[in-house]
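These are the residues of each chain, in order.
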4 protein chains.
Amino acid sequence: MSIFKINGKEIFYELDGDASKPKLAILNGIMMSTRSWVPFMNTLKENFQVLRMDFFDQGQSTKLPGETYTHDLQIDTLKALFDYLKIDKINIVGISYGGNAALAFACKYQNYVNRLMLFNSTAYTTAWLKDIGDGWNLAGRTRNGSLYYKIAIPVIYSETYYQEKIEWMRAREKVLTPIFSNPTFLDAMERLTVSAEAYDVRALLKDLTLPVMIISAEQDTLTPVMDQKYLSENIKNAHWIKLPGVGHASMYENPLIFTSLITGFFLVKDTDYII
Amino acid sequence: MSIFKINGKEIFYELDGDASKPKLAILNGIMMSTRSWVPFMNTLKENFQVLRMDFFDQGQSTKLPGETYTHDLQIDTLKALFDYLKIDKINIVGISYGGNAALAFACKYQNYVNRLMLFNSTAYTTAWLKDIGDGWNLAGRTRNGSLYYKIAIPVIYSETYYQEKIEWMRAREKVLTPIFSNPTFLDAMERLTVSAEAYDVRALLKDLTLPVMIISAEQDTLTPVMDQKYLSENIKNAHWIKLPGVGHASMYENPLIFTSLITGFFLVKDTDYII
Amino acid sequence: MSIFKINGKEIFYELDGDASKPKLAILNGIMMSTRSWVPFMNTLKENFQVLRMDFFDQGQSTKLPGETYTHDLQIDTLKALFDYLKIDKINIVGISYGGNAALAFACKYQNYVNRLMLFNSTAYTTAWLKDIGDGWNLAGRTRNGSLYYKIAIPVIYSETYYQEKIEWMRAREKVLTPIFSNPTFLDAMERLTVSAEAYDVRALLKDLTLPVMIISAEQDTLTPVMDQKYLSENIKNAHWIKLPGVGHASMYENPLIFTSLITGFFLVKDTDYII
Amino acid sequence: MSIFKINGKEIFYELDGDASKPKLAILNGIMMSTRSWVPFMNTLKENFQVLRMDFFDQGQSTKLPGETYTHDLQIDTLKALFDYLKIDKINIVGISYGGNAALAFACKYQNYVNRLMLFNSTAYTTAWLKDIGDGWNLAGRTRNGSLYYKIAIPVIYSETYYQEKIEWMRAREKVLTPIFSNPTFLDAMERLTVSAEAYDVRALLKDLTLPVMIISAEQDTLTPVMDQKYLSENIKNAHWIKLPGVGHASMYENPLIFTSLITGFFLVKDTDYII
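Calculation rules
- Sequence order as written defines the numbering, with residues in each chain counted from 1.
- All chains are assigned letters beginning at A, and all ligands numbers beginning at 1, according to the order in which they are written.
- Local features in a predicted model are, by the rule used here, given only for residues with pLDDT of at least 70; side-chain atom pairs are given and counted only at 80 or more, and totals for whole chains, interfaces and linings are based on all residues.
- Based on all heavy atoms of the structure, the side-chain values leave hydrogens and waters out of the count.
- Helix and strand labels come from DSSP, where a helix needs a run of H or I of at least four residues and a strand needs a run of E of at least two; each type is numbered from the N terminus.
- Our radius of gyration looks at C-alpha atoms and nothing else; its globule reference is 2.2 Å times the residue count to the power 0.38.
- Note on exposure labels: buried denotes an accessible area under 20% of the residue type's maximum, exposed denotes more than 50%, and partly exposed covers the range between, all computed with a 1.4 Å probe on protein chains only.
- Whether two residues are in contact is decided by their heavy atoms: any pair within 4.5 Å suffices.
- Note: buried area is the sum, over both parts, of the accessible area (probe 1.4 Å) each one loses when the two are combined.
- Throughout this description, the term salt bridge denotes a Lys or Arg side-chain nitrogen within 4 Å of a carboxyl oxygen of Asp or Glu.
- Here a polar contact is recorded for every N or O atom pair within 3.5 Å, except that within protein the pair must consist of a potential hydrogen donor and a potential acceptor, and residues adjacent in sequence are included only if both atoms are side-chain atoms.
- Three classes are used: nonpolar for Ala, Val, Leu, Ile, Met, Phe, Trp, Tyr, Cys and Pro, charged for Asp, Glu, Lys and Arg, and polar for all others, with Gly counted as polar.
- The least-squares superposition of copies is restricted to C-alpha atoms, and to residues with a pLDDT of at least 70 in both copies.
- Axis geometry follows a simple rule: fit a line to the C-alpha atoms, using only the stretch in contact for helices, then measure angles between N-to-C directions, giving values from 0 to 180 degrees.
- Orientation categories follow fixed angle ranges, with anything under 35 degrees roughly parallel, anything over 145 roughly antiparallel, 65 to 115 roughly perpendicular, and all other angles oblique.
- Rotating anticlockwise by less than a right angle from the far helix to the near helix defines a left-handed crossing, while the corresponding clockwise rotation defines a right-handed one.
- Planes of paired rings set the category: under 30 degrees apart is stacked, over 60 is edge-to-face and the rest tilted, where pairs are Phe, Tyr or Trp rings (Trp by its six-membered ring) whose centres lie within 6.5 Å.
- We count a charge as sitting over a ring when the NZ of a lysine or the CZ of an arginine lies within 6 Å of the ring centre and within 35 degrees of the ring normal.
- Expected helix span is given by 1.5 Å per residue-to-residue step, counting one fewer step than there are residues.
- One axis fitted to the seven residues ending at a residue, another fitted to the seven starting there: the angle between these axes is the bend at that residue.
- When DSSP finds two or more bridges between two strands, those strands count as paired.
- Handedness of a crossover is defined as follows: with both strands directed away from the viewer, a clockwise route from the first strand across the helix to the second makes it right-handed.
- The charge count treats Lys and Arg as positive and Asp and Glu as negative. His and the chain ends do not count.
- As a per-residue quantity, pLDDT reports the predictor's confidence and falls between 0 and 100.

Colleague: Help me out: how do you make sense of the overall build of chain A in this one?
Modeller: What chain A contains, in helices and strands, is 11 helices and 8 strands. Its C-alpha atoms give chain A a radius of gyration of 18 Å, within 12% of the compact-globule value 19 Å for 275 residues. On the principal axes, the C-alpha backbone points of chain A span a range of 55 × 45 × 40 Å. When burial is assessed residue by residue, chain A has 64% of its 275 residues classed as buried. At a minimum sequence separation of 6, the contacts of chain A that also span at least 24 residues come to 77%.

This is how it looks when you write it as structure tokens:
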């Protein structure tokens, strides 16, 4: 268990695997924590030294009640963590909130990033996504865990997957409902959601030159394919992949594809062929 | 203003246009009423005699507090209305809840239906869609109109449309928030939502022989394209169209396409050509 | 049988239906003639006065051996035909070569056009499509009808349709092979193909303000969906529809959708609703 | 340079990389040879011992003039090569003809295959694809290299890629035209094309249990997305990925994605997570 102290606050992080391997940072989606990646760690550690970290208000990092902040706080803190760990070049993969943070990080500190992989990400927070987030926050304030579960969880899975795994989902519901009734968790979720409202890197994309792999899930109802289409059309060195039948929580719906894509993209060299 | 009385209850309906023209029934989505179609009526009346009606718990039809019912009540009532109006053959178009009702009606009373057009519809209520509906109902019980708006409205539009029309959406929000705080409305919405939970016509589709036009909106996050793909693969005489960039409330996002599709499909004869 | 004489040449055209109905011009794909639309005429005449015409080098219009020309010749001749028929406003639908001609016509003579509907069309002839056309022409010069059939016909149908209708296709092959061995036909086809090489209306699209309905067939391998995506993103008043499972010869693969779309789009008025 | 002798004929193969690494066989598309993979070899050798081979009638393997054969000859020969090399378990990736051969191999000799990756493949040769192949063969018999190029090359690239890389394509045309005029090459191509006509593994797919990664290119006009949709719906342990904007020769259009997908999929272990 590792703690990075900054400005009197704590960032929880975990650095696993052999330091001789290529470095890979994984950035959490909004409800996730370093623990969410445990199922993938054995696989990823085979080829990478993996850095996981909880953003402020996530997992075991410091909660920031009463504070209002933006992605910038998370990104600047991530850079400070890299400096603290003497990392001057790293691969970054992020999903959703973490994908957006990864992209914003690359726009601000491109020299630190070798390659970038964005699952279920977007270039900015539209009014549509902001209003959906407002709905989550208003639901959170009721402290009704069942309500929060019903509005926040089904939409992050594809209809097909949720239907097929319904027994597992019902088990998840039992686990999540008390968490989703917890004021500390819910208030942190609200701050995280609010922190994403001003997110907008559209004007910065033109300066990105590093290779960026963009992953769309065709059944993603929160950051739909149109969002990644925009990214792919506005990033020079973009590579775009779609996952048919998969929803927003793409790494859980198809773990084999998730670990394959990460492992392949961050391992291979550029091919000279072409053009 | 027309009322059809049945079993001591009232169904509000409106029959507009020239009786010499082909008959067309339009069935409401769950939050809609006969008034929701007003913008399209001048156009549709040019070629059809149009029947609109409010299902029980919608608009000006009788509210059913304390009752639990399924689509069957709505469908059987629709048939009774047709009989009352001496309609023995009619075209039917429905959207979402109304599309599912239209499809269930055709499965049960195929002889009454000339052609069928389904916007944003599905063959059954998955656990995924049921849980989303549960979320709406739990939100409704808070009587918090802002919460209800935020969880029920953005998701029925495409991200692009909502973003582009944000001022109009903010105006809608002002109009809808008091309605969405109204216990009578919210309790009716809950009963309607519950009435759709058992909806499942999968086993009946094989017996449909009439022409069915199925319309998908590619950005529909409530009844995604996969749902209509299933319909198109399991209905013999199915014809399938996709609307790129459009969300669940497809008729509002592209009224010209909406009225064009209806007008064309219900007017034209079969083409002899083929095969 | 009607002939329009212009500059010593003849344009064959047919004007059918009641002059009191809205006027509709249908423009042929490259291998088509006025006869190709016969299966749809009874349906279309119910709501429109329909003008069909053969471009130069098509059907019964004058062949132009030894001449090199572009779309402009066809378009200017179409305008002359409209003037001759005292048509100053008309709806136009075109497919493929005819869709491109329709679009080029609207860019040049927008005042003549009420609404425009483009099946399987594109904004310009890419090097890719030009080279495919070159392949047709080189095949044509062999006068081997079987070769010409095999390279020109399967690709205009979806794999699914061709496979399902294979007996009908084998019958078509018998009919078409002698035609595809005929030097007069093949030389005309070569001139038509060459006439499309310089087609490029990209710079003109921004001035179009009339309503344009764009129809994509998802299995179209000659003018793929990307081409219509470009049109839909660069025409102000564009409306876009996709036909799943359908190939380049979309009107033959789904005649009911074809006639429905035309009939609806050119009949309905704009809806006031919105925004 | 390695030769495997079998029944008086020769199979040319190349085995590169460290024998301690996982084994990977790459199977050629119809016009390809072991040399076609050279641009990717440095990358792939980093993580795999790579086996390339030319099927009969390809590259440096024996030509079979006067013989008629099916995929089975190629597959059984591949198995004999594995036995000769004492390979009893291997990963296989194939594209197009080679993907179909890989799939047929796995259906017949599943025990030999660890994982399978299919680029631009299909479950059977439809009448549509057969007729397209007939067109290639009729064109080949003219010995006109320009004709063969125009009908066989543009269609294997996406319209966008071909247009953007047109200068490189013109250079390819110069290189390929003499090859496409060579009777020995063209006759071999005809036999290879004919060998694929009877390909049909639909009835065998249900017995596959190994992990199969299926890659679609959205702009593939020869083995369109519908073909891989069928595979993904009929193979138990299927994983499906789509490449937007990419055509049939997917590895050339996006080499970074190609090498990433192969490297990742064949390196990673299964993830325990789930369900």
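Colleague: Just to check I follow, could you spell out the interface of chain D and chain A for this structure?
Modeller: Where interface size is given, it is often the accessible area lost as the parts come together that is meant. Contact with chain D, which involves 37 residues of that partner, is made by 37 residues of chain A. Note on chain D versus chain A: buried area summed over both sides is about 3300 Å², and carbon and sulfur give 67% of it. Viewed at the interface, chain A and chain D are joined by 4 salt bridges. A salt bridge links Glu-218 of chain D to Lys-242 of chain A, with the nearest nitrogen and oxygen atoms 3.0 Å apart. At the junction of chain D and chain A, the tally comes to 7 residue pairs in polar contact (both at pLDDT 80 or more). Among the elements of the structure, α1 (38-45), β8 (238-243) and α11 (255-267) of chain D are those that each provide at least two residues to the side of chain D that touches chain A. In terms of residues, the side of chain D that touches chain A owes the most to one element, α11 of chain D, which gives 10 residues. Each residue belonging to the side of chain D that touches chain A can be placed in one class, and the counts come to 21 nonpolar, 9 polar and 7 charged.

Colleague: Hey, could you run me through the relation of the copies chain D and chain A in this one?
Modeller: A rotation about an axis combined with a shift along that same axis relates the two copies of the chain. The transformation that overlays chain D on chain A combines an axial shift of 0.0 Å with a rotation of 180°, and the residual RMSD is 0.0 Å. Here the two chains are linked by the operation of a two-fold rotation axis. For chain D, the minimum C-alpha distance to the rotation axis belongs to Gly-264 of chain D and amounts to 1.8 Å. Mapped onto chain A, 100% of the interface residues of chain D are again interface residues, and the two copies thus contact each other with one and the same surface.

Colleague: I keep staring at the packing of helix α4 (residues 127-141) of chain B against helix α5 (residues 145-152) of chain B and nothing clicks. Help me out?
Modeller: Angle between the axes and distance between the axes are the two parameters that describe a pair of packed helices. All names here are of chain B. Following both chains from N to C, one finds α4 and α5 inclined at 165°, their axes separated by 8 Å at the closest point. Considering their axes alone, α4 and α5 lie roughly antiparallel with respect to each other. For the element pair α4 and α5, the recorded crossing hand is left-handed. Facing α4, whose interface residues are Gly-135, Trp-136, Ala-139 and Gly-140, α5 presents Leu-147, Tyr-148, Ile-151 and Ala-152. Taken together, the residues of the contact of α4 with α5 sort by class into 6 nonpolar, 2 polar and no charged.

Colleague: Where do I start with the packing of aromatic side chains in this structure?
Modeller: Counted under the stated rule, the structure contains 72 aromatic pairs over all chains. Between Tyr-157 of chain C and Tyr-162 of chain C, the aromatic rings sit 6.3 Å apart at their centres with planes inclined by 45°, giving tilted as the arrangement. Since its relative accessible area comes to 4%, Tyr-157 of chain C is described here as buried. Arg-115 of chain B extends its terminal NZ or CZ atom over the ring of Phe-265 of chain B, reaching a point 5.3 Å from the ring centre.

Colleague: Could you clarify how one ought to interpret helix α7 (residues 166-179) of chain B in this entry?
Modeller: An α-helical turn contains 3.6 residues, so a residue and the one three or four places further along point in the same direction. Taking 1.5 Å of rise per residue, the 14 residues of α7 of chain B would be expected to cover 20 Å, and the 20 Å separating its terminal C-alpha atoms lies within 8% of that figure. Of all the bends found along α7 of chain B, the most pronounced is centred on Glu-173 of chain B and spans about 25°. The complete set of buried residues in α7 of chain B reads Met-169, Glu-173, Leu-176 and Thr-177 of chain B. Close packing links the buried residues of α7 of chain B with α4 (127-141) of chain A together with α5 and α6 (159-164) of chain B.

Colleague: Explain the pattern of salt bridges to me, please; I cannot follow it from the model alone.
Modeller: Any two side chains of opposite charge can pair if their charged atoms end up close together. This structure, assessed with the given rule, holds 88 salt bridges over all chains. The salt bridge involving Lys-206 of chain A is made with Asp-207 of chain A; its shortest N-O contact spans 3.8 Å. Of the residues examined, Lys-206 of chain A reaches a relative accessible area of 54% and is grouped as exposed. For Asp-207 of chain A, a relative accessible area of 48% gives the class partly exposed. Of the charged contacts, one joins Glu-233 of chain A and Lys-229 of chain C as a salt bridge, the two residues approaching to 3.1 Å between their closest N and O atoms. Of this pair, Glu-233 of chain A sits in helix α9 (residues 225-234) while Lys-229 of chain C sits in helix α9 (residues 225-234), which puts the two residues in different chains. Note on Lys-229 of chain C: relative accessible area 16%, which makes it buried. When salt bridges with common partners are traced through the structure, they connect Lys-130, Asp-131 and Asp-134 of chain A together with Lys-150, Arg-170 and Glu-173 of chain B into a single cluster.

Colleague: Quick question: what am I supposed to make of unusual backbone geometry here?
Modeller: Most peptide bonds take the trans configuration, and most residues that are not glycine carry a negative phi. With a phi close to 55°, Lys-86 of chain B is a non-glycine residue in the positive phi region. Mapped onto the elements of the fold, Lys-86 of chain B is located in the loop between α2 (71-84) and β5 (90-95). Look at Lys-86 of chain B and you get exposed, because its relative accessible area is 74%. The phi dihedral of Ser-96 of chain D is positive, around 55°, even though this residue is not glycine.

Colleague: Looking at this structure, I do not really get the pairing of strand β7 (residues 212-217) of chain C. What am I missing?
Modeller: Look at any regular strand and the pattern is simple: side chains alternate between the two faces of the sheet. Residues and elements named next belong to chain C. Most of β7 sits out of view: 6 of its 6 residues are buried. On β7, burial covers both faces: Val-212, Ile-214 and Ser-216 on one face and Met-213, Ile-215 and Ala-217 on the other are all buried. Relative to β7, strand β6 (residues 113-119) runs parallel, the two being bridged by 4 bridges. By the bridge assignment for β7, Leu-118 is matched with Ile-214. Bridging between β7 and strand β8 (residues 238-243) involves 6 bridges; their strand directions are parallel. Its bridge partner lying in β8, Met-213 is registered against His-239. Crossover β7 to β8 through α9 is right-handed.

Colleague: What is the right way to look at the pairing of strand β1 (residues 2-6) of chain B in this model?
Modeller: Taken together, the 5 bridges between β1 of chain B and strand β2 (residues 9-16) of chain B define a ladder with antiparallel strand orientation. Within the sheet, the bridge partner assigned to Ile-3 of chain B lies in β2 of chain B and is Phe-12 of chain B.

Colleague: Any chance you could explain the environment of Pro-154 of chain A here in plain terms?
Modeller: Relative to the assigned elements, Pro-154 of chain A resides in the loop between α5 (145-152) and α6 (159-164). Put simply, Pro-154 of chain A and His-248 of chain A are 94 residues apart on the chain and 9.9 Å apart in space, counted from C-alpha to C-alpha. In contact with Pro-154 of chain A, not counting residues within four places along its chain, are Tyr-149 and Tyr-162 of chain A together with Trp-128, Asp-131 and Ile-132 of chain B.

Colleague: Where do I start with the side chain of Thr-263 of chain C in this structure?
Modeller: Within the secondary structure, Thr-263 of chain C is located in helix α11 (residues 255-267). Separated by 2.7 Å, the side chain of Thr-263 of chain C and the backbone oxygen of Thr-259 of chain C make a polar contact. Apart from residues lying up to four places away in sequence, Thr-263 of chain C is in contact with Gly-264, Leu-267 and Val-268 of chain B together with Leu-44, Asn-47 and Phe-48 of chain C.

Colleague: What's the story with the side chain of Glu-253 of chain C in this structure? I'm lost.
Modeller: Residue and element names in this part refer to chain C. Checked against the element boundaries, Glu-253 lands in helix α10 (residues 250-253). One buried charge, Glu-253, has no salt-bridge partner; the nearest side chain with opposite charge is Lys-165, at 9.2 Å. Those residues in contact with Glu-253 that lie beyond four places of it in its chain are Ile-156, Tyr-157, Ser-158, Tyr-161, Gly-245, Val-246 and Gly-247.

Colleague: Sorry, what's going on with the packing of helix α2 (residues 71-84) of chain C against helix α3 (residues 97-108) of chain C here?
Modeller: All names here are of chain C. Interaxial distance between α2 and α3 falls to 10 Å at its minimum, and their mutual angle equals 70°. Taken together, the axes of α2 and α3 lie roughly perpendicular to each other. In this structure, the crossing between α2 and α3 has a hand that is right-handed. Taken together, the residues of α3 that come into contact with α2 (itself represented by His-71, Asp-72, Gln-74, Ile-75, Asp-76, Leu-78, Lys-79 and Phe-82) are Tyr-97, Asn-100, Ala-101, Ala-104, Phe-105 and Lys-108.

Colleague: Got a minute to help me understand the confidence of the model for chain A in this structure?
Modeller: In regions of low pLDDT, the predicted coordinates are not meant to be interpreted in detail. Put simply, chain A has an average pLDDT of 96, and 98% of its residues get 70 or more. For this predicted complex, the interface confidence score (ipTM) comes to 0.95, while the overall pTM stands at 0.96.

Colleague: Got a minute to help me understand the environment of Lys-21 of chain B in this structure?
Modeller: Residues and elements named next belong to chain B. Tracing the chain through its elements places Lys-21 in the loop between β2 and β3 (23-27). We classify Lys-21 as partly exposed; its relative accessible area is 28%. Apart from residues no more than four positions distant in its own chain, Lys-21 is found in contact with Lys-45, Glu-46, Asn-47, Phe-48 and Gln-49.

Colleague: I would appreciate a short explanation of the environment of Tyr-199 of chain B in the present structure.
Modeller: All names here are of chain B. Among the secondary structure elements, Tyr-199 is positioned in the loop between α8 (183-195) and β7 (212-217). We classify Tyr-199 as buried; its relative accessible area is 5%. Separated by 114 residues in the primary sequence, Tyr-199 and Leu-85 place their C-alpha atoms 27 Å from one another. With residues up to four places along the chain from it excluded, the contact list for Tyr-199 reads His-71, Asn-100, Leu-103, Ala-104, Thr-122, Ala-123, Tyr-124 and Thr-125. Reaching out from Tyr-199, the side chain makes a polar contact with the backbone oxygen of Thr-122 at a distance of 2.8 Å.

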